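The residues making up each chain are set out below.
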Amino acid sequence: MTAEPLGATGTDAVPLFLRDCWYMACLGDTVRTGGLKREMLLGEPVLIGRGRDGKVFAMRDICPHRGVPLSAGKVLADNTVECPYHGWRFKGDGQCSLIPSLVGGEAIEAAKIKVRAYHACEQDGLIWVYMPAPGRETATPRGEPPKVDVPNPKPRWHVSQLFQCAIDHAVIGLMDPAHAPYVHGRWWWRVRMKEKQKNYAPLANGFVMTRHKPSKPMYGILGADVSTEITFELPSVRFENIEGTILGRKIKVVGFTACTPRDADTTQVTQIFYWPAWLGFIRPFFMVLGPTFLGDDRRMVEMQKEGLKFNPSLMLIQDSDQPAIWYHRLKKAWADSVANGTEFVNPVKPRTLKWRS
Ligand code: FES
Ligand SMILES: [Fe+2]
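Keep in mind that this is a model prediction, so the values were computed, not measured.

Look at the link from Leu234 to Pro235: it is a cis peptide, with omega at 0 degrees. Here Pro235 lies in the loop between β16 (227-233) and β17 (237-246). Note that the residue after Gln318, namely Asp319, is joined by a cis bond; omega there is -15 degrees. Positive phi, close to 60 degrees, is recorded for Asp20, a residue that is not glycine.

Now for the nonpolar core. One finds Tyr23, Ala25, Ile48, Ala58, Ala120, Trp128 and Val129 to be the most contacted residues of the largest nonpolar core, which totals 70 residues. Residue contributions to this core peak at eight residues, all from helix α4 (residues 322-340). If you count residues domain by domain, this core takes at least three from each of domain 1 (21-131) and domain 2 (155-356). Each residue touching Ala25, except ones within four places of it in the same chain, is listed here: Glu39, Leu41, Val46, Ile48, Ile127, Trp128, Val129 and Thr260.

Once the domains are mapped, the protein shows domain 1 (21-131) and domain 2 (155-356). Measuring from the centre of the C-alpha atoms in domain 1 to the corresponding centre in domain 2 gives 33 Å. Counting residues at the interface gives ten residues for domain 1, matched by twelve residues for domain 2. For the side of domain 1 that touches domain 2, the elements supplying multiple residues, two or more each, are β2 (21-27) and β3 (36-41). The biggest single contributor to the side of domain 1 that touches domain 2 is β2, with five residues. Here the side of domain 1 that touches domain 2 is built from residues that sort into eight nonpolar, two polar and no charged.

About the thresholds
- Residues numbered from 1 in each chain as written.
- Chains lettered and ligands numbered in written order.
- Predicted model: local features only at pLDDT ≥ 70, side-chain atom pairs only at ≥ 80, totals over all residues.
- Helix = DSSP H or I, 4+ residues; strand = E, 2+ residues; numbered from the N terminus.
- Core = buried A, V, L, I, M, F, W, Y, C linked by C-beta atoms within 7 Å.
- Buried ≥ 20, exposed ≤ 12 C-beta atoms within 10 Å, placed from the backbone.
- Domains from an automatic or database assignment.
- Contact = placed C-beta atoms within 7 Å.
- Nonpolar A, V, L, I, M, F, W, Y, C, P; charged D, E, K, R; others polar.

Rendered as structure tokens:
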């Protein structure tokens, strides 16, 4: 066993928020056709809108005229956003298309005014926004958002809670294998500690706990031959890809979790499950357990905040904190590649981890 202070991962100087990454901003069905919504992302107010043509767009939620949030305005028939204060209009790419107060002949030209636009896309029922590094606002995104690996992915159930903690603590809490018996244990949900051994391998932007038979009996609802793999991908998403057989049919269920940094001190944690439509009868199971377990994690990071106020030095130990060490190293490698304009090189190597939980 070795223990190392958090700083020993060489990640002290890594910025809190990674740039040149896609972040899951919200669920697609929270923005109606012709609707606008304000979401904080990485401390920036972002307007997320859906045109009358159904397409999503994102721009800075600050009117360049006098600072009113554009999300308080409306989407017009031509898919422009109208500011509620003086009616300036902006296209989805942020370009100002009209300043109603102009009479003509003024030196000001609407076409020269622009709100910062973000790359945005919608897939698998999720809206993703690309947060670029400074100076690369108009550059092509580096890669695409991760995809949900089920046919016709449609969110079947979700829960979302706002954690009063910085992104790193939310992410580490998610991948920490040693807390479950203490944080999630209940009289009706007994977790008997035992030694676990799992294989890990690198992925393009993260790592995977390779496919294995899950130890928790709850997986039994998905059939006798259930197997699962759990991935983590930068900046802050996790997929649990479960396979099983119900009524003789092979099924895939995906549990997707995104940690979305709203600002330096708050992180939205959203869990979404995808399953084939005919499997709807498993829904009540998630309705009961999902909010309970996520709430456990939320309360723990809020308690942790009481200690973190005093800026203590923290520790990461082998092997149970190895995923957290990898997270810090992945973050550093990504931040370096963004800062230096170099290729991202994944620092994770295949490894077997052992712990008791
Ligand atoms: S503040 Fe938006 S148009 Fe004036
Ligand atoms: Fe947990």
